[in-house]
Amino acid sequence: FLGSGKTTLVNRLLKKRRYARTAVVVNEFGEVSVDHMLIDAPPHRMRIVDSGCLCGHVHEEVATSLLDLDDHRRSGTDVDFDQALIETSGLADPVPIIQVLLTDPEVSRRFDLRTVVVVIDGLHGEPHLDRHPEALKQAAVADVIVISKTDVATAEQLDAIEARLASI
């Protein structure tokens, strides 16, 4: 969800050798896009879906971005990557993006969905899950959940969010 540390996690992954050749698609929400400027990926390996809304077509724009990256890779340009990472807006419903990755013939022929990772804020995760259905949906479809801000959350907060996530 918003402010949980998604961009920080993406940057940490991109610094690891295993992710050095990763393309990144960033889905931004809002009038001013800033998240993509905070990501440490080469610009030629990054695409921004900057719709400014949570409209139903965001998943199509993500698919178009992935196909564009792959077209450039196949054409022998400087866009070369081994895998792609999609960082969605914290407000995004991940299900339509998952569906397009699994069911769109062109996308699913070129890309395999491997893992859905969700970052949950250790300090504010419980209220987010209570107040925002998209946060709950994100947790429900995740293959991996990373709890952030464990260094500043109390043991009680962490126990509560872990129990809540286990129940989801």
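(A) Fine view of helix α8 (residues 155-167). The first and last C-alpha atoms of α8 sit 18 Å apart over 13 residues, in line with the 18 Å expected at 1.5 Å per residue. Of all the residues in α8, the buried ones are Leu158, Ile161, Arg164 and Leu165. Taken around the axis of α8, the buried residues stretch over an arc of 130°, which confines them to a single face. Facing away from the buried surface of α8 by more than 90 degrees, the exposed residues are Glu156, Asp159, Ala166 and Ser167. Of the surrounding secondary structure, the elements contacted by the buried residues of α8 are β4 (117-121), α6 (125-131), α7 (133-141) and β5 (144-148).

(B) Layout of the nonpolar core. The biggest cluster of nonpolar side chains holds 16 residues, and the ones touching the most others in it are Val25, Val62, Leu66, Leu69, Phe81, Leu101 and Val107. The leading source of residues in this core is helix α3 (residues 58-74), at six residues. When near neighbours in sequence (up to four residues on either side) are disregarded, leucine 101 contacts Leu66, Ile86, Val107, Ser108, Phe111 and Leu113. Ranked by size, the runner-up nonpolar core spans twelve residues in total, among them Ile98, Val116, Leu129 and Leu165.

(C) Focus on the environment of glutamate 87. If you trace the backbone, glutamate 87 turns up in strand β3 (residues 83-87). Between the alpha carbons of glutamate 87 and arginine 12 there is a distance of 13 Å; along the sequence they are 75 residues apart. Side-chain polar atoms of glutamate 87 contact the side chain of threonine 7, separated by 2.8 Å.

So, how was this worked out
Residues numbered from 1 in each chain as written. Predicted model: local features only at pLDDT ≥ 70, side-chain atom pairs only at ≥ 80, totals over all residues. Heavy atoms only, no water. Helix = DSSP H or I, 4+ residues; strand = E, 2+ residues; numbered from the N terminus. Expected span 1.5 Å × (residues − 1). Buried < 20%, exposed > 50% of the residue type's maximum accessible area, 1.4 Å probe, protein only. Arc of directions from axis to C-beta. Contact = heavy atoms within 4.5 Å. Core = buried A, V, L, I, M, F, W, Y, C linked by side-chain atoms within 4.5 Å. Polar contact = N/O pair within 3.5 Å; in protein donor to acceptor, adjacent residues only side chain to side chain.

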